[in-house]
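Breakdown of the fold
The chain contents come next:
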Amino acid sequence: MARRYFTKADALTIFHFLGILMQGIGIVLLLPVIVALIYGEFEYILPLMAPALCSIALGVALHKNFKKYANLKLKHGMFISSFAWLWATLIGAVIMMACLHIHFVDALFENMSAWTGSGMTFFVNVEVLPYSILFLRSLEQWVGGLGVVIIFIGILIRSGTAAARLYKSEAREEKIKPSIANTLKKTLEIYLIYTGFGIALYILAGLPVFDAVNLAFTSISTGGMSIKNLNVGFYQNNIIYVITMFLMILGAISFNVHYKVIKTKGKSIFKDIQFRVMASFIIFFSIVIFLTNSGIVPMDILFHVVSAVTTTGSNISTAQTISTWHGSTLIILMALMVIGSSAGSTGGGLKIVRFITVLKGINHTISSIVSPEGRVIPTKIAGKKLTEREVREAGAYISIYFIFLVFGWAILCFYGLDPLNALFDVVSIISNNGLSTGIVWGGLPMIPKITLIFLMWLGRLEIIPVLVVFRTFIELTSPRKVKKNLINRTQKQDF
């Protein structure tokens, strides 16, 4: 008898824990109601509340009814993580449809972009949107920056195997504290402190409180979706630019490193290889772009290099301006978006540690070939020995990443979009960045829109959980599997 890899008990276990996360998502999405009350947007209160309350109610029902199925495994965690991001996107989309009367797919795009920190928008004029909706977008970025699953399991789920499985399902490995629960609480504490610090800096720089809160949320989360049509460039203030770059870099550094820096009073920051590589990229490529592009202002160069490598996507130049930059500049920014930020941070992309791991693996392979037979060549990153499995997994992940990137690029090119600009925006989407040449807009055909939504989801979950879901779905719905299940049921009935 063939082994069943996904059973009814698996589905019920997923429902049980997904119910907890649905409650958390619903509670978070009630917060914009407070903003609506403050700014007198009373007509939006019911459309804001109803979907959030439905999420809470359905989450309670799932959690309680399937409580006995609570033996969580890693595959369950990957399903829960994948579905939680989709559910959060769906509820946010329903809210926007109810408040703004926009198309369902456009609402899905807007919310997937916010939750995943991709930062692109279909709205031509965001400044006419209600304050509550602007805050909703920023809040989704702030929560999504830390992780939809991560932020809720630290509050709603007790420490133990379940919390550990869910933590790992969002591509998290590092631990600040011995237990996952304490790690998550300390991570959230650091995140809140940095967010408050960013808000204070913006207010001191002269921003209104509402602008300061939203800009701090989108910068520390490396989300980049703005409440202004010109993004950060609206403020025309170098102090605001510097604060934003500072917060983007903070968000792109591993929380494990933040904790060590706080404990050592800043002494250990340069010991982190990922931070050193990121800082080197910022300095080196800013100089390269400056020397090869005489028409770009130095502040524009530095800001967009920081925005690219931290995968924030904030900008101080319009998309139309970016599209006119020299091809070499766009290629450099694309490379930085692909490599991305540190593992264990709020940023996206491949992650610097994977990039280093693959380079170390290549170097090891070449050294083994040219070295005398029998010589042992150790491969290490920051003093830690790399195993062959880690190198292989990093290489496989990068290969899969580029397969999906090319897939998305091919679809945009098929619909007649400029190849270089299409590649730039697809790289930005799958890296959860947000820098754009302006070709991604609400007038795109339906297939490219759905493709981009999928790529944002795929990139934020770091591919594997999504592949696990699709593999299981294909297995369960394949004709042979369905036929076998029907035969088994018929035999049981005859018996």
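Quick summary incoming for the structure in this document. (Residues numbered from 1 in each chain as written. Predicted model: local features only at pLDDT ≥ 70, side-chain atom pairs only at ≥ 80, totals over all residues. Heavy atoms only, no water.)

Most often, soluble globular proteins keep nonpolar side chains buried together rather than apart. Counting residues in hydrophobic clusters, the biggest one holds 146 residues, and the most contacted among them are F109, I133 and Y202. Excluding its chain neighbours within four sequence positions, the residues that come into contact with Y202 are L207, A212, L215, A216, S219, I240, I243, T244 and L247. (Core = buried A, V, L, I, M, F, W, Y, C linked by side-chain atoms within 4.5 Å. Buried < 20%, exposed > 50% of the residue type's maximum accessible area, 1.4 Å probe, protein only. Contact = heavy atoms within 4.5 Å.)

Our focus in this paragraph is the packing of helix α1 (residues 8–28) against helix α4 (residues 74–100). It is the contact of α1 with α4, at a shortest axis distance of 9 Å, that shows an interaxial angle of 40°. Compared by their axis directions, α1 and α4 come out oblique. Crossing of α1 over α4 shows right-handed handedness. On α4, the residues touching D10, T13, I14, F17, L18, L21, M22 and I25 of α1 are K75, H76, F79, I80, F83, A84, W87 and A88. (Axes fitted to C-alpha atoms, helices over the stretch in contact; angles between N-to-C directions. Helix = DSSP H or I, 4+ residues; strand = E, 2+ residues; numbered from the N terminus. Parallel < 35°, antiparallel > 145°, perpendicular 65-115°, else oblique. Left-handed = near helix turned anticlockwise from the far one by under 90°.)

Here we take up the packing of aromatic side chains. The final tally for this structure, using the stated rule, is 24 aromatic pairs. Between F284 and F285, the aromatic rings sit 5.0 Å apart at their centres with planes inclined by 80°, giving edge-to-face as the arrangement. Aromatic pair Y397 and Y401: ring centres 6.5 Å apart, planes at 35°, arrangement tilted. One end of the pair is Y397 and the other is Y401, both in helix α18 (residues 388–414) and four residues apart, which spans about a single turn. (Phe/Tyr/Trp six-rings, centres within 6.5 Å; stacked < 30°, edge-to-face > 60°.)

Turning our attention to the pattern of salt bridges. The full count for this structure, using the stated rule, is nine salt bridges. Residues R137 and E110 are paired through a salt bridge, measuring 3.2 Å at the closest nitrogen-oxygen approach. Here R137, found in helix α6 (residues 131–146), pairs with E110, found in helix α5 (residues 104–115); they are 27 residues apart in sequence, far enough to count as distant. Assigned by exposure class, R137 and E110 land together as buried. Salt-bridge contacts for K228 lead to D211; the nearest nitrogen and oxygen are separated by 3.6 Å. (Salt bridge = Lys/Arg side-chain N within 4 Å of Asp/Glu carboxyl O.)

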